[in-house]
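Below, each chain spelled out in residue letters.
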Amino acid sequence: MDPTPELQPCYDAIVIGARPAGAATAMLLARRGLRVLLADRDQRGRDTLSTHALMRGAVLQLARWGLLDAVRHAGTPAIRHVSFHYGDDEVVVPIKPRDGVDALYAPRRTVLDPILADAAREAGAHVVHGPRLVDLVRSRSGRIAGVVLEDRQGRIVMARAGIVIGADGLRSTVAQLVSAPTYRLGQHAAAVVYGYWADVDVEPGRYHWLYGPAVAAGAIATNDGAMCVFASMPAERFEQEIRRDMAAGYLRAIAETSPRLADALGRARPASGLRGYPGELGRFRQSWGPGWALVGDAGYFKDPITAHGITDALRDAELLAHAVTSGADHALAGYQAARDELSERLFEITDEIAGFHWTLDSIRTLHHDLNQAMKAEVDHLTVLDRGAAVA
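A short tour of the structure in this document, coming up.

What counts, and where the lines are drawn
- Residues numbered from 1 in each chain as written.
- Predicted model: local features only at pLDDT ≥ 70, side-chain atom pairs only at ≥ 80, totals over all residues.
- Heavy atoms only, no water.
- 1 Å grid on protein atoms, 1.4 Å probe; cavity = no way out; pocket = protein on both sides within 12 Å on 5 of 7 lines; lining within 4 Å.
- Points joined across faces, edges and corners; volume = space filled by probe spheres on them.
- Helix = DSSP H or I, 4+ residues; strand = E, 2+ residues; numbered from the N terminus.
- Axes fitted to C-alpha atoms, helices over the stretch in contact; angles between N-to-C directions.
- Parallel < 35°, antiparallel > 145°, perpendicular 65-115°, else oblique.
- Left-handed = near helix turned anticlockwise from the far one by under 90°.
- Contact = heavy atoms within 4.5 Å.
- Nonpolar A, V, L, I, M, F, W, Y, C, P; charged D, E, K, R; others polar.
- Expected span 1.5 Å × (residues − 1).
- Pairing = 2+ DSSP bridges.

## A look at empty space enclosed by the protein
Going through the model one piece at a time under the given rule, you end up with one cavity of 30 Å³ or more. Its volume calculated, the largest cavity comes out at about 70 Å³. Every residue lining the largest cavity is listed: Ala 18, Arg 19, Asp 40, Asp 42, Gln 43, Arg 44, Gly 45, Arg 46, Asp 113, Pro 114, Ala 117 and His 129. Considering each element in turn, the lining of the largest cavity owes the most residues, three residues, to helix α4 (residues 109-122).

Here it is in structure tokens:
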């Protein structure tokens, strides 16, 4: 049954996009007493292209919001070490207990996204799947004042709101409708090919990040005993080589980072087909205006090679929720400024890694710098108002 006819005529906030950024934002706003509509055109729990490894900041947020147990109960394995493979050298980093986090997790999006959307619903948000955004409602002054949605049967419904939040991805319809400008663009875009495998002879309790000359790979244990294994390379190589024969090019790239991992895949069982992503330049968009805001990839996107996208999404959901509940437009400007300050160094390092101009020695330095930037991000999250985060 299509839920669109049940929409109320007016909400405090309407969030378009029920993936991690949007669902988390809607949940936090609803927990703070706002009337929230969360709408997504995709069906609940549909899989999507994703680097689903969570960094410490994301695990911290899920723990603070009372959702980490649901991730664990879904059978998501605990990751207690991170292994960096630089050619034949391996550096193992334990996940030290800190701020209530003693492990990392990499839930499938078919697991994580419903957990967050259900949490939004349990908090009181009206959650609907199926309608797509076709236009925004504007007041006489030009302020965004609501949305026009179309359901799968072609019926049009309008709902008003104090703020409309676009959490609808890199090609955000909300961003297009408000003409949100891009004010910073990355210089490099890495391509990636990934698939899920069963019975891979690789230590499952670790994130494995592997590097060879101008190529990178990863092996990440996830739900149902599967391991996500990806290969990343310059976009030019993807276009010239991988598109012609994705399976052969993928295994060749894996072997360039680790012959052992390539051999393990040769003895493993595919649990899915391969998916390819040709790469997109990272970017910062203007993410607020009168009556609207952007969160997640809609407002800030960086190359997925450092697997930090979901962590960004959950961090920025809380920053935005704080700003929205203040009720002032200047707080939205503060949200964007805080997001950019926390993101700048992460963005720069990620962009450099995505350029593949590093050596096996120099990328160690980049990883050290990335780790320091992530620590600063976690430090910021730990001083946010804990009561507002879980109330």
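## Concerning the packing of helix α10 (residues 329-354) against helix α11 (residues 362-382)
The interhelical angle for the contact between α10 and α11, taken along N-to-C directions, is 155 degrees, at an axis separation of 9 Å. Comparing the axis directions of α10 and α11 gives the class roughly antiparallel. Note on packing geometry: the crossing formed by α10 with α11 is left-handed. Together, Leu 342, Arg 345, Leu 346, Ile 349, Thr 350, Glu 352 and Ile 353 of α10 and Ile 363, Leu 366, His 367, Asp 369, Leu 370, Ala 373, Met 374, Glu 377 and His 380 of α11 make up the contact between the two elements. Along the lines of polarity and charge, the residues of the contact of α10 with α11 split into nine nonpolar, three polar and four charged.

## Considering the environment of Ser 343
Within the element layout of this structure, Ser 343 appears in helix α10. Along the chain, Ser 343 and Glu 377 lie 34 residues apart, while their C-alpha atoms are 8.4 Å from each other. Dropping the residues within four chain positions of it, Ser 343 is found in contact with Phe 284, Tyr 300 and Arg 315.

## What to know about helix α9 (residues 309-326)
Taking 1.5 Å per residue, 18 residues should reach 26 Å; α9 reaches 26 Å between its end C-alpha atoms and fits that length. Gly 327 lies just past α9 and shows a positive phi near 80 degrees.

## So, the sheet that holds strand β16 (residues 283-285)
Each strand in a sheet pairs with another by means of backbone hydrogen bonds, the pair being arranged parallel or else antiparallel. Taken together, three strands build an open sheet; the order of strands is β9-β16-β19 and the sheet is antiparallel. The sheet is open, and its two borders are formed by β9 (182-185) and β19 (300-301), each paired with just one other strand.

## Thoughts on the packing of helix α1 (residues 20-31) against α9
Put simply, α1 and α9 touch, their axes get as near as 8 Å, and they point 35 degrees apart. By crossing handedness, the relation of α1 to α9 is classed as right-handed. Of the residues in α9, those in contact with Pro 20, Ala 21, Ala 24, Thr 25, Leu 28 and Leu 29 of α1 are Ile 310, Ala 313, Leu 314, Ala 317, Glu 318, Leu 320, Ala 321, Val 324 and Thr 325. Residue classes in the contact of α1 with α9 are distributed as twelve nonpolar, two polar and one charged.

These results come straight from atomic positions and should not be treated as a statement about function.
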